[in-house]
Amino acid sequence: MRRTVFNEDHEAFRETIRDFIEAEVVPVYDEWFAAGQAPRDFYYKLGELGIFGINVPEEFGGAGLDSHKFEAVLYEETARAGVQFGGSGVHVLLALPYIKMLATDEQKKRYLPKFATGEEMWAIAMTEPGTGSDLAGMKTTAKLSEDGTHYVLNGAKTFITGGVHADKVIVCARTAAPTAEDRRFGISLFAVDTKSEGYSVGRKLDKLGLRTSDTAELAFVDVKVPAEDLLGEENKGFSYLGHNLASERWGIAFGAYAQAKAAVRFAKQYVQERTVFGKPVAHFQNTKFELAACQAEVDAAEAVADRATEALDAGELTPAEAASAKLFCTEVAHRVIDRCLQLHGGYGYMNEYPIARLYADNRVNRIYGGTSEIMKSIIAKDMGL
């Protein structure tokens with residue numbers, strides 16, 4: 001079936017990204033993998049390539065586009081090559097929507113030009129030790145000073161992707177106690193400079209997958225945050241967080257589909273080259289049937305991912321539709337990647353093969369951005385159940 005989601009501009013972008021990956025990422029990716037993060041200067045290269053500025057308004061140095069299709073191409077091309085762009089995905093997919101939605105004109109003038117060039121990398125800090133998905137239970141506080149010039153931030157965050165290299169972090173903190181009627185009340189968002197006194201990066205977390213994406217613990221001890229770095233209105237942060245969940249879950253869904261597609265590519269190549277009992281593994285009926293079944297699942301996931309992309313660009317992707325896309329695509333990727341690893345035999349368990357890294361990278365898709373169980377709850381509620 002012919003895809004209609006991409007046009008000539010997207011395909012030209014794909015060629016540029018594919019060449020960039022081959023020249024700048026593949027030759028050094030093993031080094032990144034061993035180090036557990038991409039080097040900071042790599043993000044300057046992404047900025048120079050224009051990746052960070054695609055959805056940044058033109059007056060702030062970006063291309064001024066309002067589409068997620070270029071991000072979709074990035075997901076497909078990085079998966080195809082078996083690489084990751086470090087923690088830069090959070091910079092664009094998660095942080096930018098909050099800046100565009102909540103920042104004042106004055107804040108945008110300060111934030112966006114450096115955002116687009118990669119001079120300032122952004123992360124977002126929601127999760128805390130012991131709270132997990134229960135964001136309303138966060139303990140980090142931000143208290144306004146008596147003179148109203150700044151907030152004093154105290155607390156800790158964990159599982160913060162991009163947290164090691166971040167220059168700015170959108171921190172969620174309590175500015176007021178929850179009410180009896182609404183325990184979500186009292187959360188606010190702040191753009192925090194990581195060079196601030198009292199701000200510290202704790203452990204760089206040792207993850208099962210996404211090894212080149214720096215993920216860290218953060219701590220705040222009497223960090224002074226200028227009042228002009230409050231994003232949006234005070235105490236309304238929880239509603240802001242919910243506003244961008246659909247795009248976040250779309251990104252996870254599309255990324256998972258792209259990983260499944262790449263897994264079939266890796267397995268097909270391997271079974272055609274690997275011989276057993278004097279014949280290519282691809283010669284055996286079981287191999288053909290397994291890959292055919294995987295391809296059918298990838299085709300279905302592609303259709304779901306493309307439909308969600310079109311809906312997101314049109315501003316019509318509902319929370320339930322995003323949850324459905326995430327649930328379906330991540331579960332498909334789980335099954336397909338596992339079966340493709342099996343076709344590699346023992347070599348599929350070796351990190352030198354991209355299928356092994358893909359297997360580990362994929363596992364978190366059913367956890368972050370809302371677990372599969374939470375996605376089912378959202379879908380069921382939308383069904384009136």
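Everything here concerns the structure above.
Residues numbered from 1 in each chain as written. Predicted model: local features only at pLDDT ≥ 70, side-chain atom pairs only at ≥ 80, totals over all residues. Heavy atoms only, no water.

A. How the structure looks around the overall build of the chain. Along its length, the chain carries twelve helices and ten strands. Against the compact-globule benchmark of 21 Å for 385 residues, the chain has a radius of gyration of 21 Å, which places it among compact chains. Relative to its 385 residues, the chain shows a buried fraction of 52%. Intrachain contacts of the chain at a sequence separation of at least 6 include 75% that bridge at least 24 residues. Only carbon and sulfur atoms are counted for the fraction: they give 53% of the accessible area of the chain, which is about 18,100 Å². Between the averaged position of the 43 positive side-chain charges in the chain and that of its 55 negative side-chain charges there is a distance of 6 Å. (Helix = DSSP H or I, 4+ residues; strand = E, 2+ residues; numbered from the N terminus. Rg over C-alpha atoms; globule rule 2.2 N^0.38 Å. Buried < 20%, exposed > 50% of the residue type's maximum accessible area, 1.4 Å probe, protein only. Contact = heavy atoms within 4.5 Å. Areas by Shrake-Rupley, 256 points an atom, 1.4 Å probe, with all protein chains shown as cover. Lys, Arg positive; Asp, Glu negative; His and termini not counted. Charge placed at Lys NZ, Arg CZ, Asp CG, Glu CD.)

B. Region of interest: the pattern of salt bridges. Under the defined criterion, the tally for this structure stands at 23 salt bridges. As a salt-bridge pair, R110 and D229 come within 3.1 Å of each other at their nearest N and O atoms. Taken together, the residues span a long stretch of sequence, with R110 in helix α6 (residues 105–117) and D229 in the loop between β7 (215–226) and β8 (230–231) at a distance of 119 residues. With a relative accessible area of 31%, R110 lands in the partly exposed category. The salt bridge involving D193 is made with K195; its shortest N-O contact spans 3.4 Å. A residue is classified by how much of its surface remains accessible, and D193, at 24% relative accessible area, is partly exposed. Relative accessible area serves as the criterion here: at 64%, K195 is assigned to the exposed category. Sharing partners across several salt bridges, the network here consists of R3, E11, R14, R18, E76, E77, K261, E302 and D306. (Salt bridge = Lys/Arg side-chain N within 4 Å of Asp/Glu carboxyl O.)

C. Structural context of the packing of helix α9 (residues 285–313) against helix α10 (residues 319–343). Axis separation between α9 and α10 bottoms out at 10 Å; the angle between their running directions is 155 degrees. When the interaxial angle is binned, α9 and α10 end up roughly antiparallel. α9 and α10 meet at a crossing whose hand is left-handed. Only A325, F328, C329, V332, R335, V336, R339, C340 and L343 of α10 make contact with α9, whose side of the interface consists of T287, E290, L291, A293, C294, E297, V298, A300, A301, V304, A305 and A308. (Axes fitted to C-alpha atoms, helices over the stretch in contact; angles between N-to-C directions. Parallel < 35°, antiparallel > 145°, perpendicular 65-115°, else oblique. Left-handed = near helix turned anticlockwise from the far one by under 90°.)

D. Looking closely at the pairing of strand β5 (residues 187–193). Across the seven residues of β5, six count as buried, placing the element largely inside the fold. Here strand β4 (residues 168–174) pairs with β5 via seven bridges, running antiparallel. Across the sheet, the residue bridging to K168 is D193, located in β5. Pairing of β5 with β8 involves two bridges; the strand directions are antiparallel. (Pairing = 2+ DSSP bridges.)

E. Seen up close, the nonpolar core. Counting 91 residues, the largest nonpolar core has V25, F42, F85, L189, V336 and C340 as its most contacted members. Ranked by the residues each element gives to this core, the list is headed by helix α8 (residues 245–273), at 15 residues. Membership of the second largest hydrophobic core comes to 18 residues, among which are A123, F190, Y199 and L218. (Core = buried A, V, L, I, M, F, W, Y, C linked by side-chain atoms within 4.5 Å.)

F. Up close: the pairing of β4. For β4, a buried count of seven out of seven residues is recorded, marking the element as mostly surrounded by other parts of the structure. Going residue by residue along β4, you find K168, I170, C172 and R174 tucked away on one face and V169, V171 and A173 tucked away on the opposite face as well. As paired strands, strand β1 (residues 122–125) and β4 are joined by four bridges and run parallel to one another. Within the sheet, the bridge partner assigned to I124 lies in β4 and is I170.

G. Inspection of helix α1 (residues 8–25) at higher detail. With 18 residues, α1 ought to run about 26 Å at 1.5 Å a step, and its terminal C-alpha atoms sit 25 Å apart, in line with that. All of the buried residues in α1 are H10, F13, R14, I17, F20, I21 and V25. Down the axis of α1, the buried set is contained in an arc of 135 degrees. They therefore lie on one face. The outward face of α1, more than 90 degrees from its buried face, is lined by the exposed residues E8, E15, D19 and A23. One side-chain oxygen at the N-terminal end of α1 lies 2.9 Å from the backbone nitrogen of D9; it belongs to N7. (Expected span 1.5 Å × (residues − 1). Arc of directions from axis to C-beta. Polar contact = N/O pair within 3.5 Å; in protein donor to acceptor, adjacent residues only side chain to side chain.)

H. Representation of the packing of aromatic side chains. Counted according to the given criterion, the structure contains 16 aromatic pairs. A centroid spacing of 5.9 Å and a plane angle of 70 degrees characterise the contact between Y75 and W250, whose relative ring orientation is edge-to-face. You can see Y75 sitting in helix α4 (residues 69–81) and its partner W250 sitting in helix α8, a full 175 residues away along the chain. Y75 sits in the partly exposed class, given a relative accessible area of 23%. (Phe/Tyr/Trp six-rings, centres within 6.5 Å; stacked < 30°, edge-to-face > 60°.)

I. Summary view of the state of the cysteines. One pass over the full model with this rule turns up zero disulfides. C294 takes part in no disulfide bond, and the closest cysteine sulfur to it belongs to C340, at a distance of 4.2 Å. (Disulfide = S-S within 2.5 Å.)

J. Focus on the environment of K207. Position of K207 relative to the elements: it lies in the loop between β6 (199–204) and β7. Exposure remark for K207: the relative accessible area of 22% places this residue in the partly exposed category. Those residues in contact with K207, other than ones at most four positions away along the chain, are S213 and T215. A polar contact of 3.0 Å, which involves the side chain of K207, links it to the backbone oxygen of L210.

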